[in-house]
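Per-entry structural report
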Amino acid sequence: MPAEASAQEAADLIRAQPGGVSLIDAGTIERIARSYSAAAQTRMGYQRPVFDGDLAYFSATVDTSDGPGPAGRRPYVTGEIISHGVEVTHDEPTAPHMLPIIAHALDEQLRGRG
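What counts and what doesn't
Residues numbered from 1 in each chain as written. Predicted model: local features only at pLDDT ≥ 70, side-chain atom pairs only at ≥ 80, totals over all residues. Heavy atoms only, no water. Helix = DSSP H or I, 4+ residues; strand = E, 2+ residues; numbered from the N terminus. Rg over C-alpha atoms; globule rule 2.2 N^0.38 Å. Buried < 20%, exposed > 50% of the residue type's maximum accessible area, 1.4 Å probe, protein only. Contact = heavy atoms within 4.5 Å. Areas by Shrake-Rupley, 256 points an atom, 1.4 Å probe, with all protein chains shown as cover. Lys, Arg positive; Asp, Glu negative; His and termini not counted. Charge placed at Lys NZ, Arg CZ, Asp CG, Glu CD. Salt bridge = Lys/Arg side-chain N within 4 Å of Asp/Glu carboxyl O. Expected span 1.5 Å × (residues − 1). Arc of directions from axis to C-beta. Core = buried A, V, L, I, M, F, W, Y, C linked by side-chain atoms within 4.5 Å. Axes fitted to C-alpha atoms, helices over the stretch in contact; angles between N-to-C directions. Parallel < 35°, antiparallel > 145°, perpendicular 65-115°, else oblique. Left-handed = near helix turned anticlockwise from the far one by under 90°. Nonpolar A, V, L, I, M, F, W, Y, C, P; charged D, E, K, R; others polar.

Considerations on the overall build of the protein
In terms of regular secondary structure, the protein is built from 3 helices and 2 strands. Of the regular secondary structure in the protein, the N- to C-terminal order runs α-α-β-β-α. Taken against the 2.2 N^0.38 rule, which gives 13 Å for 114 residues, the C-alpha radius of gyration of the protein at 22 Å runs more than 25% over that of a compact globule. Taking all 114 residues of the protein together, the buried fraction comes to 21%. Looking at the protein alone, contacts between residues at least 24 apart form 57% of all its contacts between residues at least 6 apart. A total accessible area of about 8,500 Å² is found for the protein, and carbon and sulfur atoms account for 55% of it. Mean positive and mean negative side-chain charge positions of the protein (9 and 15 charges, respectively) differ by 6 Å.

Given below as structure tokens:
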């Protein structure tokens, strides 16, 4: 998409693509752009709060992500960061079969055994 494309030109280019969405029009493109800009504005100057306590951090071990991992949370946690690897993909930690495993790890940590 050329950066200088108008909303109408962008909508026309999207609709012309194989599988292009016919519901996209200039008004939709303009609303998407306004929404994106508003979201970006809300993030400007945002200061993440610091959590005063220990943090249980669960990470997928089947695949990896480009995220900062538990070390990326250090500036925002005053206590210990307890890392738990769970044998799932990055998209599955809240899958129904994983919730009992995560609940057990949390239970052990809260009881002081984990």
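More follows now that the structure is in view.
Some words on the pattern of salt bridges
Two side chains that carry opposite charge are able to pair once their charged atoms sit near each other. Applying the stated rule across the entire model yields 2 salt bridges. Close ionic contact of Asp 12 with Arg 15 constitutes a salt bridge, the shortest N to O distance being 2.6 Å. Note that Asp 12 and Arg 15 are positioned in helix α1 (residues 7-16) at a spacing of 3 residues, about one turn of the helix. Judged by its relative accessible area of 33%, Arg 15 is partly exposed. Between Asp 107 and Arg 111 there is a salt bridge, with its nearest N and O atoms 3.0 Å apart. Note on Asp 107: relative accessible area 32%, which makes it partly exposed.

Considerations on helix α3 (residues 99-110)
Helical periodicity: at 3.6 residues per turn, an α-helix aligns residues three or four positions apart in one direction. Given a rise of 1.5 Å per residue, 12 residues ought to cover 16 Å, and the 16 Å separating the end C-alpha atoms of α3 matches this to within 8%. Restricting attention to buried positions, one finds in α3 the residues Ile 102, Ala 105, Glu 108 and Gln 109. Down the axis of α3, the sector holding all buried residues measures 125 degrees, keeping them to one side. Every exposed residue of α3 that faces more than 90 degrees away from the buried side is listed here: Pro 100 and Leu 110. Where the residues of α3 are buried, they touch β1 (55-60) and β2 (81-86). At the C-terminal side of α3, Gly 112 shows a positive phi close to 85 degrees.

Looking at the nonpolar core
In this structure, Ala 7, Ala 10, Ala 11, Ile 24, Ala 26 and Ile 29 together form the largest nonpolar core, which totals 6 residues. Residue assignment for this core shows that the elements contributing at least two residues are α1 and α2 (26-43). The leading source of residues in this core is α1, at 3 residues. When sequence neighbours within four positions are dropped, the list of residues in contact with Ala 10 reads Met 1, Ala 5 and Ile 29. Ala 60, Val 86, Met 98 and Ile 102 belong to the second-largest nonpolar core, a separate cluster that totals 5 residues.

Structural notes on the packing of α1 against α2
Running from N to C, α1 and α2 point in directions that differ by 110 degrees, and their axes come no closer than 8 Å. Between α1 and α2, the interaxial angle falls into the category roughly perpendicular. Here α1 runs over α2; the crossing is right-handed. Judged by residue contacts, Ala 7, Gln 8, Ala 10, Ala 11 and Ile 14 of α1 engage Ala 26, Ile 29 and Glu 30 from α2. A per-class count over the contact of α1 with α2 returns 6 nonpolar, 1 polar and 1 charged.

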